[in-house]
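# Understanding the architecture of this molecule
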Amino acid sequence: MFECGTYEYGLKTGDLSEKEMVKIFEKVLSKIAGEINDSRIPQKRKLSKRTGPFGRPTPDAEPPEYDYIYLYGHRPSNLYLELYPNREKNGRVKFSEEGIVWNLYFYILSDYPNRISEEDHIQEFGGRVIEELFQTLPCEKVLIKKYAPGEDRL
């Protein structure tokens, strides 16, 4: 299972359509939430399609320009993820490695929320979702960065 932390991956999706990719994400979220069967994980296990403005990764960086990105993150789940295109609408490319079409940024928290007991399986949610997602997504996944605690995003 994925260990807790913050990661950014490039996805070489080839001819996998955006619609099909989002469907895979949502199916995996629903599957793992169903297996954990914790009423605190919302029934709506969908990615949220969001339009900008999008935050700057660092104060001196240019803000990214996307038509939209996909987000998932619900409390008390320990998973937050963003799925966004590698190429911005202004033509700027985030990661130059050939074939990367989408980027996946996510973090899995080890101690959130800190009010749950050790018997709660909700702490397993994030790691199990990412593990299942990486087994199910029919594309190459390229680790761009595993962030150190407190490190800013690229």
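If you're wondering where the values come from, they're calculated on a predicted model, not measured in any experiment.

### Here's the deal with the overall build of the protein
Scanning the protein for helices and strands turns up two helices and six strands. Secondary structure elements of the protein, listed N to C terminal, follow the sequence β-α-β-β-β-β-α-β. The contacts in the protein between residues at least 6 apart in sequence include a share of 67% that link residues at least 24 apart. For the protein, the exposed surface amounts to about 8800 Å²; the carbon and sulfur share of it is 47%.

### Side note on helix 2 (residues 125-136)
Each turn of an α-helix holds 3.6 residues, which means side chains three or four residues apart point in the same direction. For helix 2, spanning twelve residues, the distance from its first C-alpha to its last is 16 Å, which sits close to the expected 16 Å at 1.5 Å a residue. Looking only at helix 2, the buried set comprises Phe125, Gly126, Gly127, Val129, Ile130, Glu132, Leu133 and Phe134. Buried positions along helix 2 lie against strand 1 (5-12), helix 1 (18-36), strand 3 (69-73), strand 4 (79-85), strand 5 (102-108) and strand 6 (140-147).

### A closer look at the nonpolar core
Counting 32 residues, the largest nonpolar core has Leu79, Phe106 and Phe125 as the members making the most contacts within it. Looking at this core, the element that brings in the most residues is helix 1, giving nine residues. Formed by eight residues, the second largest nonpolar core is a distinct cluster that contains Tyr66, Ile69, Tyr105 and Tyr147.

### A look at the environment of Val28
For Val28, the location among the structural elements is in helix 1. Using a relative accessible area of 4% as the deciding quantity, one classes Val28 as buried. With near-sequence residues (within four places) excluded, Val28 lies in contact with Val129, Glu132, Leu133 and Thr136.

### Here's the deal with the side chain of Glu82
Tracing the chain through its elements places Glu82 in strand 4. Given the relative accessible area of 13%, Glu82 is considered buried.

### Some thoughts on the sheet that holds strand 6
Pairing is antiparallel across the open sheet formed by six strands, whose spatial order is 2-3-4-5-1-6. Of all the strands in the sheet, the pair left with one neighbour each is strand 2 (48-50) and strand 6. Ignoring strand direction, the axes of neighbouring strands in this sheet form an average angle of 20 degrees. Relative to strand 6, strand 1 is paired through seven bridges, and the arrangement is antiparallel. Looking at the pairing, Thr6 lines up with Tyr147 of strand 6. Along the sheet face, helix 1 touches strand 1, strand 3, strand 4 and strand 5 and points at about 175 degrees away from the line of strand 4.

So, how was this worked out
- Residues numbered from 1 in each chain as written.
- Predicted model: local features only at pLDDT ≥ 70, side-chain atom pairs only at ≥ 80, totals over all residues.
- Heavy atoms only, no water.
- Helix = DSSP H or I, 4+ residues; strand = E, 2+ residues; numbered from the N terminus.
- Contact = heavy atoms within 4.5 Å.
- Areas by Shrake-Rupley, 256 points an atom, 1.4 Å probe, with all protein chains shown as cover.
- Expected span 1.5 Å × (residues − 1).
- Buried < 20%, exposed > 50% of the residue type's maximum accessible area, 1.4 Å probe, protein only.
- Core = buried A, V, L, I, M, F, W, Y, C linked by side-chain atoms within 4.5 Å.
- Pairing = 2+ DSSP bridges.
- Axes fitted to C-alpha atoms, helices over the stretch in contact; angles between N-to-C directions.

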